[in-house]
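# Fold and geometry: a report
Letter by letter, the chains look like this.
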Amino acid sequence: GAGVSQSPSNKVTEKGKDVELRCDPISGHTALYWYRQSLGQGLEFLIYFQGNSAPDKSGLPSDRFSAERTGGSVSTLTIQRTQQEDSAVYLCASSLGQLETQYFGPGTRLLVL
Amino acid sequence: DQQVKQNSPSLSVQEGRISILNCDYTNSMFDYFLWYKKYPAEGPTFLISISSIKDKNEDGRFTVFLNKSAKHLSLHIVPSQPGDSAVYFCALRSGNTPLVFGKGTRLSVIA
């Protein structure tokens, strides 16, 4: 099935390194979201893209975090100078439109040593 | 300060009985309420939703109840099945704002 895919599924990195996480949304979905889930916590909104509009970056925890969405499809979440507290599962979701049901990918498990 | 609380981290229920999962919120501006289900190593999947103009929505074995005065949302699963064992998240939004998720409740249905 053509669901939301994310890569890599797991990533181990050293503190201070940069990482890139990729999300391939469902074809035709104009809205794309990034969340993270730290251990024992709920999903925390990070950033949201809708069509060609400026992204809603209100959930990004620091300026070390950035994301882009190229051609209205694939998105990359970049974390610079990773810290141990960045360790979490990073989830991507897409939807047909802003208020439509969000479909989630399996997530990328990031461990910062 | 958490806007959305799921106060029970876990719940065990006998197969065939009713499972009741609860969610409390503080922001009266929330107007759309969703439940997501998550299996290990998978992303959450949408289960059922309700808007603030209704107090009940039913879909097969799943019913969501909304009590706006109490700012309380619940999900009833009846009869519970072993395949329902998963983590359940409530998620709320106000207008077109991002979803706010609870921390989740792990449901175990015992055969």
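This report concerns the structure included in the present document. Note that the coordinates shown come from a computational prediction; the quantities given were computed from them, not determined experimentally.

Basis of the calculations
Residues numbered from 1 in each chain as written. Chains lettered and ligands numbered in written order. Predicted model: local features only at pLDDT ≥ 70, side-chain atom pairs only at ≥ 80, totals over all residues. Heavy atoms only, no water. Helix = DSSP H or I, 4+ residues; strand = E, 2+ residues; numbered from the N terminus. Rg over C-alpha atoms; globule rule 2.2 N^0.38 Å. Buried < 20%, exposed > 50% of the residue type's maximum accessible area, 1.4 Å probe, protein only. Contact = heavy atoms within 4.5 Å. Areas by Shrake-Rupley, 256 points an atom, 1.4 Å probe, with all protein chains shown as cover. Lys, Arg positive; Asp, Glu negative; His and termini not counted. Charge placed at Lys NZ, Arg CZ, Asp CG, Glu CD. Salt bridge = Lys/Arg side-chain N within 4 Å of Asp/Glu carboxyl O. Buried area = accessible area lost by both parts, 1.4 Å probe. Polar contact = N/O pair within 3.5 Å; in protein donor to acceptor, adjacent residues only side chain to side chain. Nonpolar A, V, L, I, M, F, W, Y, C, P; charged D, E, K, R; others polar.

## Focus on the overall build of chain A
Looking only at helices and strands, one finds 0 helices and 10 strands in chain A. When the helices and strands of chain A are listed from N to C terminus, the series reads β-β-β-β-β-β-β-β-β-β. Computed over its C-alpha atoms, the radius of gyration of chain A comes to 13 Å, within 12% of the 13 Å expected for a compact globule of 113 residues. In terms of its C-alpha atoms, chain A occupies a principal-axis envelope of roughly 35 × 30 × 25 Å. Burial status across chain A gives 46% buried among its 113 residues. Restricting to contacts in chain A with at least 6 residues of sequence separation, those with at least 24 account for 56%. A total of about 5500 Å² of accessible surface is found on chain A, and carbon and sulfur atoms cover 47% of it. Of the charged side chains in chain A, 10 are positive and 11 negative; the average position of the first set lies 4 Å away from that of the second.

## Looking at the pattern of salt bridges
Residues and elements named next belong to chain A. Across all of its chains, the model carries 4 salt bridges over all chains by this definition. Two residues, arginine 36 and glutamate 44, come together in a salt bridge whose shortest N-O distance is 2.9 Å. We classify arginine 36 as buried; its relative accessible area is 10%. For glutamate 44, a relative accessible area of 31% puts it in the partly exposed group. With a closest N to O distance of 2.8 Å, aspartate 86 and arginine 64 form a salt bridge. Here aspartate 86, found in the loop between strand E7 (75–79) and strand E8 (88–95), pairs with arginine 64, found in the loop between strand E5 (43–50) and strand E6 (65–69); they are 22 residues apart in sequence, far enough to count as distant. With respect to burial, aspartate 86 and arginine 64 carry one shared label: buried.

## Topic: the interface of chain A and chain B
Across the contact, 17 residues belong to chain A and 16 residues belong to chain B. Summing both sides of the interface, chain A and chain B together bury roughly 1400 Å²; the carbon and sulfur share of this comes to 59%. When residues of chain A are sorted by the area they lose upon contact with chain B, Leu43, Leu99 and Phe104 of chain A head the list and together hold 32% of the total. Taken together, the links from chain A to chain B amount to 4 residue pairs in polar contact (both at pLDDT 80 or more). Secondary structure elements with two or more residues in the side of chain A that touches chain B: strand E4 (31–37) and E5 of chain A. Considering only residue class, the side of chain A that touches chain B consists of 7 nonpolar, 8 polar and 2 charged.

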